Amino acid sequence: MSETTETTLENLDTAIAGTGDDAVAAAAVDAPVTPAEPKIDEQGRSYATGKRKNAIARVWIKPGSGTITVNGKDEETFFARPVLRMILRQPLVAAERNGQFDVVATVSGGGLSGQAGAVRHGLSKALTYYEPGLRPVLKKGGFLTRDSRVVERKKYGRAKARRSFQFSKR
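Calculation rules
Residues numbered from 1 in each chain as written. Predicted model: local features only at pLDDT ≥ 70, side-chain atom pairs only at ≥ 80, totals over all residues. Heavy atoms only, no water. Helix = DSSP H or I, 4+ residues; strand = E, 2+ residues; numbered from the N terminus. Contact = heavy atoms within 4.5 Å. Areas by Shrake-Rupley, 256 points an atom, 1.4 Å probe, with all protein chains shown as cover. Pairing = 2+ DSSP bridges. Axes fitted to C-alpha atoms, helices over the stretch in contact; angles between N-to-C directions. Salt bridge = Lys/Arg side-chain N within 4 Å of Asp/Glu carboxyl O. Buried < 20%, exposed > 50% of the residue type's maximum accessible area, 1.4 Å probe, protein only. Phe/Tyr/Trp six-rings, centres within 6.5 Å; stacked < 30°, edge-to-face > 60°. Expected span 1.5 Å × (residues − 1).

1. Side note on the overall build of the protein chain
Counting secondary structure elements, the protein chain contains 7 helices and 5 strands. Along the protein chain, from the amino end to the carboxyl end, the secondary structure elements read α-α-α-β-β-β-β-α-α-β-α-α. At a minimum sequence separation of 6, the contacts of the protein chain that also span at least 24 residues come to 66%. Roughly 11600 Å² of accessible area belongs to the protein chain as shown, and the carbon and sulfur atoms make up 55% of that amount.

This is how it looks when you write it as structure tokens:
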């Protein structure tokens, strides 16, 4: 094995000509890509962490009736606004798995909008860990990309991040 990858002065011209390592690389490109193995624990769950703004969500999914529990409360109780519940279910709807998985999430930090986005991000990642074949669908929908926008910090000598104090002429 080391003889084929080692380049000496004698076989330098064959390696440059393309009969050596390039043939192996070309065969590797033509090989079919197999999907990754599912990451499922001993209880039959997949786990992922989702983040959005300052919110961090830990999400576990397992096959079930489709109940979503956030911080020990039902989805309708924790996220009262219908828009937040719609954001939460977007990955399941896009992957056509709505009602097939039980979701248990613990979320902390940020506000309700950021928490809903964090659970959505974690749910998307957990779905790809459970069923790696769903990755292209969720990636195309933009659910696997972490939204890195956070609140800009306050600067000294300013009222807020960019707002300066009111100017007084006299």
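2. Considering the sheet that holds strand β5 (residues 101-108)
In space, the 5 strands of this open sheet follow the order β1-β2-β5-β3-β4, with mixed pairing throughout. Either end of the sheet is taken by a strand with one partner, and the two such strands are β1 (46-52) and β4 (73-74). As paired strands, strand β3 (residues 68-70) and β5 are joined by 3 bridges and run parallel to one another. The residue bridging V70 from the neighbouring strand is A105, located in β5. Strands in contact with helix α6 (residues 112-130) are β1, β2 (55-63) and β5; relative to β1, the strand with the most contacts, it is inclined by about 145 degrees.

3. Observations regarding the pattern of salt bridges
Applying the stated criterion across every chain, the model contains 7 salt bridges. Two residues, D41 and R45, come together in a salt bridge whose shortest N-O distance is 3.3 Å. For R45, a relative accessible area of 27% corresponds to the partly exposed category. Linked through salt bridges whose partners overlap, the residues forming this network are R52, D147 and R149.

4. Comments concerning the packing of aromatic side chains
Aromatic rings considered in pairs are described by the distance between their centres and by the relative angle of their planes. The full count for this structure, using the stated rule, is 3 aromatic pairs. With a centroid separation of 4.9 Å and 85 degrees between ring planes, the pair formed by F78 and F79 is classed as edge-to-face.

5. A short note on α6
End to end, α6 covers 26 Å across 19 residues, agreeing with the expected 27 Å (1.5 Å per residue, within 8%). Burial analysis of α6 places 14 of its 19 residues in the buried class, which makes it a mostly covered element.

6. Points about the pairing of β5
Bridging between β2 and β5 involves 8 bridges; their strand directions are antiparallel. When the bridges of β5 are listed, W60 appears paired with V104.

7. Re unusual backbone geometry
Positive phi, close to 55 degrees, is recorded for K53, a residue that is not glycine. With relative accessibility at 38%, the residue K53 sits in the partly exposed group. Residues other than glycine seldom take positive phi values, yet N71 does so here, at roughly 55 degrees. Here N71 is to be found in the loop between β3 and β4. For N71, a relative accessible area of 33% puts it in the partly exposed group.

8. Considering the environment of E37
Secondary-structure assignment places E37 in the loop between α3 (21-30) and β1. For the pair E37 and Y129, spaced 92 residues apart in the sequence, the C-alpha separation amounts to 8.1 Å.

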